[in-house]
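Spelled out from the first residue to the last, the chains are:
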Amino acid sequence: MTRRPYVELRLPLREEPLLLMTRLVRSGLFDPYVVYESSVGWSLAGGVLTSVRLSGEEATDLTHVGARLAEAPVAGWRAYGWASFELGAALAGENTEGTETLLHLIVPTDEVRTDATGILIRSTAPERLHIIADHVRSAGTAPTPEPAGRIVLPLEDTGNYRAAVAAALLEVRSQGPLEKVILSRQVPVPVAVDLVTSFVTGRRANTPARSFLLDLGGIQAAGFSPETVAEVTADGRVTTRPLAGTRARSGAPGDDARLRADLLGDPKEIHEHAISVTLALEDLGSVCDDTCVSEYMTVVDRGTVQHLASTITGHLLPGCGPWDAFAALFPAVTATGIPKEPAYPLIRALEGKPRGLYAGAVLTCDADGTLDAALVLRSIFRRDGRCWLQSGAGIVRQSQPEREHEETCEKLRGVAHHLVPAAIGGPEARGDAPPGEAAPPDAGG
């Protein structure tokens, strides 16, 4: 196949990347779109040159994904997209018929990337390149919209979360294989939300490992991911960074230090973290050699909470690629259970509906084998006119339903306190369908 290069233009960066990306999204030039903040910079993808959508039996094996992306008619491509939580069950061999799209990736027609050296604009069409460049250069010509207040959202569970935790405790305290399961609950947002402005206000208040804003495959989402599922470099180095063990953050140094000491000394939290690291090591060891824990049980701040954190690395075995690493590590051990396989049916039974994008991943993958996948937590979701938040907690033998419920509230505050209502008369307030592709029935779970 003959591949043509993207046409490219480099410009100096004269605007905060967060504001640049959201300003470009508001321009309406990109449909569908994915904004992704990685450890090295921001990127915005728009339009579809090549797409890969997997569902059902075809989602049980990801080794062909790279080959399908390589059919893109451009050199040096980067793919963007998402994986639903239920992809993990498919990879484990469970029947996922009827769950629609499990993996959705696009190679875009247009990209805007930022890093420490400036802005790179790429497009498959020269005329599009110049239109996008004009929008980039217009920084500061229009005022940044001021948030129209905040949405007050009650976070107390009105469902059966405590009862679900109690039911899960019967399983993890039995003689069965399950040592841990993560249970989540949804909080509906009953008013129209300005998703883009909420992303800006939420990103300013949070300290994520990754962040994202997207409208792809019928699901809109904005998130402040606390951890990565998989980071793969072009030379085959793989890193995963599980977080397990949580305490609140108040912003008061004395209180946060006290809570940090309590976290580091809590046997339940330490046990939960240790078994999570053990399984992550086993998952990574299935596709890597030279696996090791390079950082163990440190504490990282993630918005309204602080977590126990570890870093695990390895190097891909001969014959393995980035999608082997992703399949081995997905879903994140910190969002499923230990072991993963018996956790899937229990999560389905106690949560009552597919998770979709929640606890899945938003990711990028490059032609050179680089892959970066963020765990989808601390996010707001919108699909088919419905908007919601979702949060969970890890249930182990020592868990107490009331404490696990409070942990979900602590995590939810990192998003809920920054929701901005949509402008009266705007498309989000009217409930107009968002631009883009038709919504699959459970793309957003």
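What you are looking at is a predicted structure, and each value in this text was computed from that prediction instead of being measured. (Residues numbered from 1 in each chain as written. Predicted model: local features only at pLDDT ≥ 70, side-chain atom pairs only at ≥ 80, totals over all residues. Heavy atoms only, no water.)

Overview of the packing of aromatic side chains
Then step 1. Scanning all chains against the criterion turns up seven aromatic pairs.
Then step 2. For the pair tryptophan 42 and phenylalanine 199, a centre-to-centre distance of 6.3 Å together with 75° between the ring planes defines the contact as edge-to-face. Of the two residues, tryptophan 42 is situated in strand β3 (residues 42-46) and phenylalanine 199 in helix α6 (residues 195-205); the sequence distance between them amounts to 157 residues. For the pair tryptophan 42 and phenylalanine 199, one class covers both residues: buried. (Phe/Tyr/Trp six-rings, centres within 6.5 Å; stacked < 30°, edge-to-face > 60°. Helix = DSSP H or I, 4+ residues; strand = E, 2+ residues; numbered from the N terminus. Buried < 20%, exposed > 50% of the residue type's maximum accessible area, 1.4 Å probe, protein only.)

A short note on the sheet that holds strand β9 (residues 180-188)
Then step 1. Spatially, β1-β8-β7-β3-β2-β10-β11-β20-β21-β9-β17 is the arrangement adopted by the eleven strands of the open sheet, whose pairing is antiparallel. The strands lining the two open edges of the sheet, one partner per strand, are β1 (7-11) and β17 (337-338).
Then step 2. Two elements, strand β2 (residues 33-37) and strand β10 (residues 210-216), share five bridges in a ladder whose sense is antiparallel. Within β10, the residue paired with valine 35 across the bridge is leucine 213. (Pairing = 2+ DSSP bridges.)

Some details on the environment of alanine 349
Then step 1. If you trace the backbone, alanine 349 turns up in helix α10 (residues 343-351).
Then step 2. You can call alanine 349 exposed: its relative accessible area is 59%.

Quick look at the environment of valine 48
Then step 1. Summarising the element assignment, valine 48 is placed in the loop between β3 and β4 (50-54).
Then step 2. For the pair valine 48 and leucine 213, spaced 165 residues apart in the sequence, the C-alpha separation amounts to 17 Å.

Some words on unusual backbone geometry
Then step 1. The omega angle of the peptide bond from aspartate 31 to proline 32 is -10°, so this bond is cis rather than trans.
Then step 2. Within the fold, proline 32 resides in the loop between α1 (17-26) and β2.
Then step 3. In this model, isoleucine 338 is joined to proline 339 through a cis peptide bond whose omega is -10°.
Then step 4. Mapped onto the secondary structure, proline 339 falls in the loop between β17 and α10.

Some points on the packing of helix α7 (residues 253-265) against helix α8 (residues 267-285)
Then step 1. Here α7 crosses α8 at 65°, and the two axes come no closer than 5 Å. Contacts from Leu263, Leu264 and Gly265 in α7 reach Pro267, Glu269 and Ile270 in α8.
Then step 2. Split by residue class, the contact of α7 with α8 holds four nonpolar, one polar and one charged. (Axes fitted to C-alpha atoms, helices over the stretch in contact; angles between N-to-C directions. Contact = heavy atoms within 4.5 Å. Nonpolar A, V, L, I, M, F, W, Y, C, P; charged D, E, K, R; others polar.)

Some remarks on α1
Then step 1. The buried fraction of α1 amounts to nine of the ten residues, a majority that puts the element mostly inside the structure.
Then step 2. Looking at α1, one finds that the buried residues are Pro17, Leu18, Leu19, Leu20, Met21, Thr22, Arg23, Leu24 and Val25.
Then step 3. The positive-phi residue at the C-terminal boundary of α1 is glycine 28, with phi of around 80°.

Observations regarding helix α11 (residues 401-416)
Then step 1. Taking 1.5 Å as the rise per residue, α11 with 16 residues should run 22 Å; its terminal C-alpha atoms sit 22 Å apart, in good agreement.
Then step 2. Among all positions of α11, only Glu404, His405, Glu407, Thr408, Cys409, Glu410, Lys411, Leu412, Gly414, Val415 and Ala416 are buried. (Expected span 1.5 Å × (residues − 1).)

Focus: the side chain of threonine 334
Then step 1. Inspection of the secondary structure puts threonine 334 in the loop between α9 (322-329) and β17.
Then step 2. You can call threonine 334 buried: its relative accessible area is 11%.
Then step 3. Within the local environment of threonine 334, its side chain forms a polar contact with the side chain of glutamate 227, the two groups lying 3.0 Å apart.
Then step 4. Apart from residues lying up to four places away in sequence, threonine 334 is in contact with Ile182, Glu227, Pro242, Leu243, Ala244 and Leu375. (Polar contact = N/O pair within 3.5 Å; in protein donor to acceptor, adjacent residues only side chain to side chain.)

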